[in-house]
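This is what each chain is made of:
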Amino acid sequence: MRKYKLSHIRQLEAESIHIMREVAAQFENPVLMFSGGKDSITMARLAEKAFWPAKIPFPFLHVDTGHNFEETIEFRDELMDRLGVNLIVAKVQDLIDSGRVKEENGFNASRNKLQIPALLQALEEHGFDAAFGGARRDEEKARAKERFFSHRDEFSQWDPKNQRPELWNLYNGRKNNGEHFRVFPLSNWTEMDVWQYIAAEDIGIPNLYLAHEREVVERADTYLAKSEFITLTDDEEYEMKTVRFRTIGDMTCTGAFKSDASTVPQIIEEVASARVTERGNRTDDKRAEAAMEERKKQGYF
Amino acid sequence: MSTNNTDAKKYLDMDLLRFSTAGSVDDGKSTLIGRLLYDSKSIFDDQMEKIEESSRRKGDEYTNLALITDGLSAEREQGITIDVAYRYFSTPNRKFIIADTPGHVQYTRNMVTGASTSNLAVILVDARKGVIEQTCRHSFIASLLQIEHIVLCVNKMDLVDYSEERFKEIREEFRSFSSKLDVPDIHYIPISALYGDNVVEKSENMPWYGGSTLLYTLENVQVDSDYNHVDSRFPVQWVTRPQSDDYHDYRGYAGKVAGGVFKPGDEVIALPSGFTSTIDTVETYQKEEDEVYQPMSITMTLEDDIDISRGDMIAKPDNQPTVGQDIDMMVCWLNKEPLQANGKYAIKHTTKDARCIIKEVKYKVNINTLHRVEGDKNIGLNDIGRVQIRTTEPLFYDSYKQNRATGSLIIIDEYTNETVAAGMII
Ligand SMILES: Nc1nc2c(ncn2[C@@H]2O[C@H](COP(=O)(O)OP(=O)(O)O)[C@@H](O)[C@H]2O)c(=O)[nH]1
């Protein structure tokens, strides 16, 4: 008899597609949170696959700190064009301008925390009842217990003790008015799986992920890209390095590291031999061991 | 590019094993998982640094590998894990997803949750204590959830002088108990999670043990046959209707194959309507496949325009699921609020939503002895029992034993919306 065998990457793909269709069917008004990073690009591909030959039946939402790499925005706009999806941009700057939030000041100032109110306001304003996020359980300890369908109360809070048990692939998206869900279709993927999938599917990614020359400053064991949003201290200076990014987010807290990996297969090799986690280069995670969990409770992605 | 390419291809050929781990508190489960992750090089330097730092702070003599799997801060303070946590590692041929379920007495609920998606269960016992009540409970749950493979790890062998006698004694104890269970494949491995004996490397301290290490066992156990490739079942999840000129009359049924194989040209029947048609195409993204099978997510088109929507089931005319509203099943209760006799609940079964009433609690099971509990039909948190429900509309189902996807359902409280029970159809 023929062997009906599905490789692990195709099993993960099938699971993620199933979840995306389930959300489209169970919720009135879902949205996909698109950060421009490789995980959200992978989600975009999975969404494309899930509904093909029809268009993706929900909009994308970009929470924009204003501290963007130009490449990310260009890449984002081209992709939205090709997919024909409606993009909503929630600007942190707008919240600051309207006085609803206050910006951090000084050295190491970051708008990272301000993403939370910007996101929550956008969810509320558009009445989204489910928001896809690209988080993976392997990223961080606090995420290991996250559900695929993560219930948030009317204050958008995540209560680790009060999550619904998730059995088989039966997902319970029932909710009361005002509550919503975060849904993580990539929960079971590792960083390696994502890269292998990008290679296998030949998915385009922003050049920031590939080795390139750039002016950077060394800070907290990582390199930050030169930008107008960073203030140097007296003993810091910019230098030219061949670097790449392992994650892409706000310019002020997304670190680069030295690398010569300039193709996806080379990245895969590098990831295979990597000795630090991808978030290891994010200064925002270094602030406290339980940092992520704290932010999750507040409604962070 | 060429060598990389081969590696990438090899990776694309890797298969997947999902397993759950269970043991009672302090049997060494966290240490074992930490050991597996550490020895398979799935722990990164920055994670290790944090762990070493935490270990130092706590005054441990050696780096406590158990901290690797330690999740949320509240739990860190209490020093126990309280929910299912998922971990990942891989070896060159296989990727592993661990559903790490805590051993605390009252957390049957978590074990059931973790086991529901697992192909294999690793159950730990402490070599000094042998088979205890909780070992029996864990095994029973694995069996109830139709896990086909159990690996019984006898841990802390270092504390019993790596004694072959002790290992054999425990193996016999477990054998006599497990003969009552429905688990076809059971492995026994003597280990020391703390020192690494027989976890990844073969132990020099136990030359008398001729079997495989735990990792070797996990890498080589065959799980393809755990899927049902005989009874064709396709619960319709979503109807794809592109609003575009290119696909003007296209109508595709999207979903995850829940059993058997579907090919173009196959005659199929749609339930509940009973209309038959022939499969035109089975597709994944931009690609028509020759055949599709469990657990693929696909889109199917039919030759005839028949009315099919989410919650319907496509099967073969000569092999159909049972259609019925009076359903007998085992339930595991997951919620603080106990089961209400004659209570009304919502249910989810495959892609179908319905409501049900609990008609009868037949019996409750003592999960330590597997005996029926006489005279007590109250099903509360962490209890397992047999019940009969009546649904508001027919379900298209198989027994859980025959098909985990079409034989499982969840019960939901209509007021709190919480998932209150897991049901396995008999
Ligand atoms: N001597 C010895 N101690 C062990 C072994 N495995 C775990 N332990 C110890 O047993 C205690 C409980 O282990 P832990 O992994 O936290 O147990 P859990 O509650 O099952 O997760 C810890 O002090 C471990 O160091 C072993 O193989 N040999």
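Below: a short report on this structure. (Residues numbered from 1 in each chain as written. Chains lettered and ligands numbered in written order. Predicted model: local features only at pLDDT ≥ 70, side-chain atom pairs only at ≥ 80, totals over all residues. Heavy atoms only, no water.)

## Comments concerning the sheet that holds strand E4 (residues 120-126) of chain B
Put simply, the test is: DSSP bridges decide pairing: two strands pair if at least two such bridges lie between them. Per the convention used, a helix needs a DSSP run of H or I reaching at least four residues, while a strand needs a run of E reaching at least two, with both numbered from the N terminus. Axis geometry follows a simple rule: fit a line to the C-alpha atoms, using only the stretch in contact for helices, then measure angles between N-to-C directions, giving values from 0 to 180 degrees. We call two residues in contact when some of their heavy atoms are within 4.5 Å.
What the six strands build is an open sheet, ordered E2-E3-E1-E4-E5-E6 (chain B); its pairing is mixed. What marks the edges here is a single partner per strand, and that holds for strand E2 (85-91) and strand E6 (185-190) of chain B. Going from strand to strand, the sheet's axes swing by 25 degrees on average, the running direction of each strand aside. Here strand E5 (residues 149-155) of chain B pairs with E6 of chain B via six bridges, running parallel. Note on E6 of chain B: the bridge partner recorded for Ile-150 of chain B is Ile-186 of chain B. Against the sheet, helix H1 (residues 8-26) of chain A makes contact with strand E1 (15-22) and strand E3 (94-100) of chain B, and its axis sits at roughly 75 degrees relative to E1 of chain B, the strand it touches most.

## Describing the packing of helix H2 (residues 38-51) of chain A against helix H3 (residues 70-83) of chain A
Residue and element names in this part refer to chain A. Put simply, the rule reads: To sort the angles, those under 35 degrees are grouped as roughly parallel, those over 145 as roughly antiparallel, those from 65 to 115 as roughly perpendicular, and the leftovers as oblique.
Where H2 contacts H3, the axes come no closer than 12 Å and their chain directions differ by 5 degrees. With respect to each other, H2 and H3 are oriented roughly parallel. Across the interface between the two elements, Ile-41, Ala-44, Arg-45 and Glu-48 from H2 touch Phe-75, Leu-79, Arg-82 and Leu-83 from H3.

## Quick word on the packing of aromatic side chains
Inclusion rule: In this scheme Phe, Tyr and Trp rings, the latter by its six-membered ring, pair at centre separations within 6.5 Å, and the angle between planes marks the pair as stacked below 30 degrees, edge-to-face above 60, and tilted otherwise. A 1.4 Å probe rolled over the protein chains alone gives each residue an accessible area, and that area as a share of the maximum for its type sets the label: buried under 20%, exposed over 50%, partly exposed in between.
In the structure shown here, the tally under the stated rule is 25 aromatic pairs over all chains. Look at Phe-174 of chain B and Phe-177 of chain B: their rings are 6.2 Å apart centre to centre, the planes differ by 50 degrees, and that puts the pair in the tilted class. Of the two residues, Phe-174 of chain B and Phe-177 of chain B both sit in helix H7 (residues 164-178), three residues apart, roughly one turn of that helix. Of the two residues, Phe-174 of chain B and Phe-177 of chain B, both sit in the buried class. Where Phe-234 of chain B meets Phe-262 of chain B, the ring centres are 6.1 Å apart and the plane angle is 65 degrees; that geometry is what we call edge-to-face. Highlighted residues: Phe-234 of chain B in strand E7 (residues 233-235) and Phe-262 of chain B in strand E10 (residues 261-262), separated in sequence by 28 residues. What makes Phe-234 of chain B buried here is its relative accessible area of 0%. Residue class for Phe-262 of chain B comes out buried when judged on its relative accessible area of 0%. Taken together through their ring pairs, the aromatic side chains of Phe-27, Phe-148, Phe-149, Tyr-171 and Phe-181 of chain A make up a single cluster.

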